[in-house]
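So you can see what is in the structure, the chains are spelled out below.
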Amino acid sequence: MSFPLAKIFTIGDEIDGAQNIPCKVFSNIRGVDVTNKILTFANQIGGKFIYMNDDFFVTPKLRADVPIYNGELIINPKHPGHYQIACKNSIEFLEYFGHSIYNFETHSPVLIDSKKLIKTFSKVNWQSDNHFIKSIYLNSNLPKNIRPGTNLKLSTGDVAKAELFLRDYGCFSSSDEFINSNGGLWIKNLTFVLERQPCFE
């Protein structure tokens, strides 16, 4: 609805209306398995693409070419163990190669160049443990423009915050709690007017 000219792919899981790229489960470690899926796309299809999870909602205001960051990567003891491991591995990789450590784990879509992704992850020991795909890729290939923001994941049925995120960022990430509350009905009634064709660098 927001990007009528977009060609949509799913990797692994099939859904109606999208071209599927078959991809067997590579690992029971989520970060490893997702990285394998994204690299499968980059190798088989290639080019530039917008990487999105299946719980994202976007409007024509989305600027995936201007990624949103939330401070720097910090190992937070309040986060689950697998998240802390991903954070630690990502920081160590980025600091070893002298890159910035912006936290791009904001639950927002990002524009990725397949060639740069493949080159970057050829240096990452991604097959063995969790890491952050977006933060490693974007800090290693820092775009000309980035913007400060916040985590766009909605863990409650806060429609007002969803409207704020759509207005300011053109996207948000939902949760089961959001969908199963009044947020689910609100999403079904969303409509957008495409004022201009989206333009990404």
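Residues numbered from 1 in each chain as written. Predicted model: local features only at pLDDT ≥ 70, side-chain atom pairs only at ≥ 80, totals over all residues. Heavy atoms only, no water.

K.L.:
Even after reading the chapter, I still don't get the packing of aromatic side chains, so can you show me in this structure?
P.N.:
The geometry of two aromatic rings is summed up by the distance between their centres and the angle between their planes. Per the stated rule, a full pass over the model turns up 14 aromatic pairs. Seen in terms of ring centroids, Phe57 and Phe172 are 5.5 Å apart; in terms of plane orientation they differ by 15°. Their pairing is stacked. Placement of Phe57 in strand E4 (residues 56–58) and of Phe172 in strand E8 (residues 171–173) is noted, with a sequence separation of 115 residues between them. Through a chain of ring-to-ring contacts, the aromatic side chains of Phe57, Phe172, Phe178 and Trp186 assemble into a single cluster. The ring of Tyr51 has Lys134 sitting right over it, with the charged end atom 5.5 Å from the ring centre. (Phe/Tyr/Trp six-rings, centres within 6.5 Å; stacked < 30°, edge-to-face > 60°. Helix = DSSP H or I, 4+ residues; strand = E, 2+ residues; numbered from the N terminus. Lys NZ or Arg CZ within 6 Å of the ring centre and 35° of its normal.)

K.L.:
I would appreciate a short explanation of the packing of helix H3 (residues 114–121) against helix H4 (residues 133–140) in the present structure.
P.N.:
A pair of packed helices can be characterised by two numbers: the angle between their axes and the separation between those axes. Relative to each other, H3 and H4 sit at 105°, their axes nearing to 10 Å. The pairing of H3 with H4 is recorded here as roughly perpendicular in orientation. Residues Lys116, Leu117, Thr120 and Phe121 of H3 pack against Ile133, Ile136, Tyr137 and Ser140 of H4. Here the contact of H3 with H4 is built from residues that sort into 5 nonpolar, 2 polar and 1 charged. (Axes fitted to C-alpha atoms, helices over the stretch in contact; angles between N-to-C directions. Parallel < 35°, antiparallel > 145°, perpendicular 65-115°, else oblique. Contact = heavy atoms within 4.5 Å. Nonpolar A, V, L, I, M, F, W, Y, C, P; charged D, E, K, R; others polar.)

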